[in-house]
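What follows is the residue order along each chain.
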Amino acid sequence: MTETLGTPPSFTPPTRFAVPGRIAVDDQAASEWQTATITGIRRETPRVATFRLSVPAWPGHLPGQHLMVRLRAHDGYVAQRHYSIASAPDGTGHIELTLDHVDGGEVSGWFHTVAEPGDTVEVRGPVSGFFAWPGDRPALLLGAGSGVVPLMSMVRHHRARGSRVPLRLLVSARSPEELVYASEYGSETTAVFTRRAPAGVPVGRMSAAHVAPHLAERPPGGWEAYVCGSNGFAEHASRLLVAAGQPVDRIRIERFG
Ligand SMILES: Cc1cc2nc3c(=O)[nH]c(=O)nc-3n(C[C@H](O)[C@H](O)[C@H](O)COP(=O)(O)OP(=O)(O)OC[C@H]3O[C@@H](n4cnc5c(N)ncnc54)[C@H](O)[C@@H]3O)c2cc1C
C-alpha cells in the first residue's frame, strides 16, 4: 500500500510530487542567491553543529535536497559549498544546516569558529531533486557521520506528518559522542558504532546483519534506498544493499567527500 500524503497548508512544495525518478527542481529558485541570517547555533557533537537560518523568501524544499552556501570576504574572495538541508520542509522561512568542522576547512571553519547569530551568508536553492524523498514511498536510509543530515530531514518530515509510510534509518558513527542528532532517534533508527559503543552494543562496521532484516520486511512497492556519507561509506553501504537484494536502480547515493 502506498499512502498518499496531503500537503499541509503551510508548505508549498517547490516541485511536483510522486515522480518515480529524478524530481524536478525549480530552476529559478535554484539560480537566485538570497541573503540568509543565522538565527541560532546548536551544538550536536564536539565537531558538529546545527545553524538555523532565516531565509524569508525560501521557496520550500523536499527532504533530502541541498543548497549552495556562498561566503564573501571583505577583499572580494568568494567560497561556495553544497550543504544538505537538515530541517523538514515547514513553511516558516527558516531552514537548518548541520555542519561537520572539517580540519582546515574554509567554509565549515568559518561557520564553526567565526559565525554568530545575526551574521549573514548567501544561499541558493534548493538544488538537485535526485536525492529528494517526496514522502510517498517506503524509504530505507543509510548514513554515516554528517551524511545523516539529509536523512534526518526525511525522518523529521515523516514524523511531522505522522506518516505511516515505512521508513528505517541505519546510521553509523565512530562513538556515541559522535552520533549526530543522538537524542532525536526513535524506533525507526538503528545506530552502528565503529570505534566505541555503549555497553552491550557491538563495535563494528555496518554489515549484512544490519541491512538484510530490513530488506526482508518487503514493504509494498519495495524500498527506495538513500545512502549518504563519505565516498568509502557510500561504496560500502551500496554494496551491502545490492548483496541483500535491493535493485541497483532504487539506490540513491549522495557523497560528501
Ligand atoms: C551534495 C552535498 C551535500 C553536502 N552536505 C553537507 C552537510 O550537510 N554537512 C557537512 O558538514 N558537509 C556537507 N557537504 C560537504 C561540504 O560541501 C564541504 O565539502 C565541507 O563542509 C568542507 O568544506 P570546507 O570549505 O570547510 O573545506 P575545504 O576548504 O573545501 O577543504 C579543506 C580540506 O578538507 C578536505 N575536505 C573537504 N571536504 C571534506 C569532507 N566533506 N570531509 C573530509 N574532508 C574534506 C579537503 O580535501 C581539504 O584538504 C556536502 C557536500 C555535497 C557535495
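Everything that follows concerns the structure shown earlier in this document.
Below: a short report on this structure.

Reading the values: rules and limits
- Residues numbered from 1 in each chain as written.
- Predicted model: local features only at pLDDT ≥ 70, side-chain atom pairs only at ≥ 80, totals over all residues.
- Heavy atoms only, no water.
- Pairing = 2+ DSSP bridges.
- Helix = DSSP H or I, 4+ residues; strand = E, 2+ residues; numbered from the N terminus.
- Axes fitted to C-alpha atoms, helices over the stretch in contact; angles between N-to-C directions.
- Contact = heavy atoms within 4.5 Å.
- Salt bridge = Lys/Arg side-chain N within 4 Å of Asp/Glu carboxyl O.
- Buried < 20%, exposed > 50% of the residue type's maximum accessible area, 1.4 Å probe, protein only.
- Expected span 1.5 Å × (residues − 1).
- Near = heavy atom within 4 Å.
- Polar contact = N/O pair within 3.5 Å; in protein donor to acceptor, adjacent residues only side chain to side chain.
- Areas by Shrake-Rupley, 256 points an atom, 1.4 Å probe, with all protein chains shown as cover.

**Considering the sheet that holds strand β5 (residues 94–100)**
(1) Moving on: One open sheet accounts for 6 strands, arranged β4-β3-β6-β1-β2-β5; its pairing is antiparallel. The sheet terminates laterally at β4 (78–84) and β5, the two strands that pair on one side only. The sheet shows a mean angle of 40° between the axes of neighbouring strands, direction not considered.
(2) Moving on: Across the sheet, helix α2 (residues 106–113) touches β1 (34–45), β2 (48–54), β3 (66–72), β4, β5 and β6 (120–127), and the angle it forms with β4 is around 80°.

**Here's the deal with the pattern of salt bridges**
(1) Moving on: Evaluation of the coordinates by the stated rule reveals 16 salt bridges.
(2) Moving on: Where R42 meets E44, a salt bridge forms, and the shortest distance between an N and an O atom there is 3.5 Å.
(3) Moving on: Accessibility expressed as a relative area gives 35% for R42, which makes it partly exposed.
(4) Moving on: Between R255 and E235 there is a salt bridge whose closest N-O contact spans 3.0 Å. Note that R255 is positioned in strand β11 (residues 251–255) and E235 in helix α5 (residues 231–243), a separation of 20 residues in sequence.
(5) Moving on: Taking relative accessible area as the criterion, R255 reaches 40% and is therefore assigned partly exposed.
(6) Moving on: Three or more residues are tied together by salt bridges with common partners; here these are R42, E44, R52 and E96.

**Comments concerning the pairing of β2**
(1) Moving on: Among the 7 residues of β2, 6 are classified as buried, and the element is accordingly described as predominantly covered.
(2) Moving on: Between β1 and β2, which pair antiparallel and follow one another directly, the connecting turn spans 2 residues.
(3) Moving on: Note that β2 and β5 share 7 bridges and pair antiparallel. Paired with T50 across the bridge in β5 is T98.

**Digging into helix α3 (residues 149–160)**
(1) Moving on: The terminal C-alpha atoms of α3, which comprises 12 residues, lie 17 Å apart, in line with the 16 Å expected from a rise of 1.5 Å per residue.
(2) Moving on: When you tally the buried positions in α3, you get 10 out of 12 residues, the bulk of the element.
(3) Moving on: All of the buried residues in α3 are V149, P150, L151, M152, S153, M154, V155, R156, H157 and H158.
(4) Moving on: For α3, the secondary structure elements touched by its buried residues are β1, β4, β5, β7 (139–144), β8 (167–173) and β10 (224–229).
(5) Moving on: In the stretch just after α3, G162 is the one whose phi turns positive, near 60°.

**Remarks on the environment of Q80**
(1) Moving on: Here Q80 shows up in strand β4.
(2) Moving on: When residues no more than four places from it in sequence are discounted, the contact partners of Q80 are W33, M68, V69, R70 and R124.

**A few points about the site of the ligand**
(1) Moving on: Taken together, the neighbourhood of the ligand is formed by 20 residues, with R81, H82, Y83, V107 and S108 sitting nearest.
(2) Moving on: A distance of 2.6 Å separates an oxygen atom of the ligand from a polar atom in the side chain of S108.
(3) Moving on: Here the ligand, which alone exposes 900 Å², has 68% of that area covered by the protein.
(4) Moving on: Elements with a minimum of two residues in the shell around the ligand: β4, β5, α2 and β11.

**Topic: the pairing of β1**
(1) Moving on: Taken together, the 4 bridges between β1 and β6 define a ladder with antiparallel strand orientation. Along β6, the bridge assignment pairs T37 with T120.
(2) Moving on: Relative to β2, β1 is paired through 7 bridges, and the arrangement is antiparallel. Bridge assignment links I41 to a residue of β2, and that residue is F51.

**What to know about unusual backbone geometry**
(1) Moving on: That bond from G125 to P126 is cis: its omega, 5°, falls within 30 degrees of zero.
(2) Moving on: By the secondary structure assignment, P126 is in strand β6.
(3) Moving on: In this structure, R218 is a non-glycine residue whose phi angle is positive, near 45°.
(4) Moving on: Tracing the sequence through the fold places R218 in the loop between α4 (208–217) and β10.

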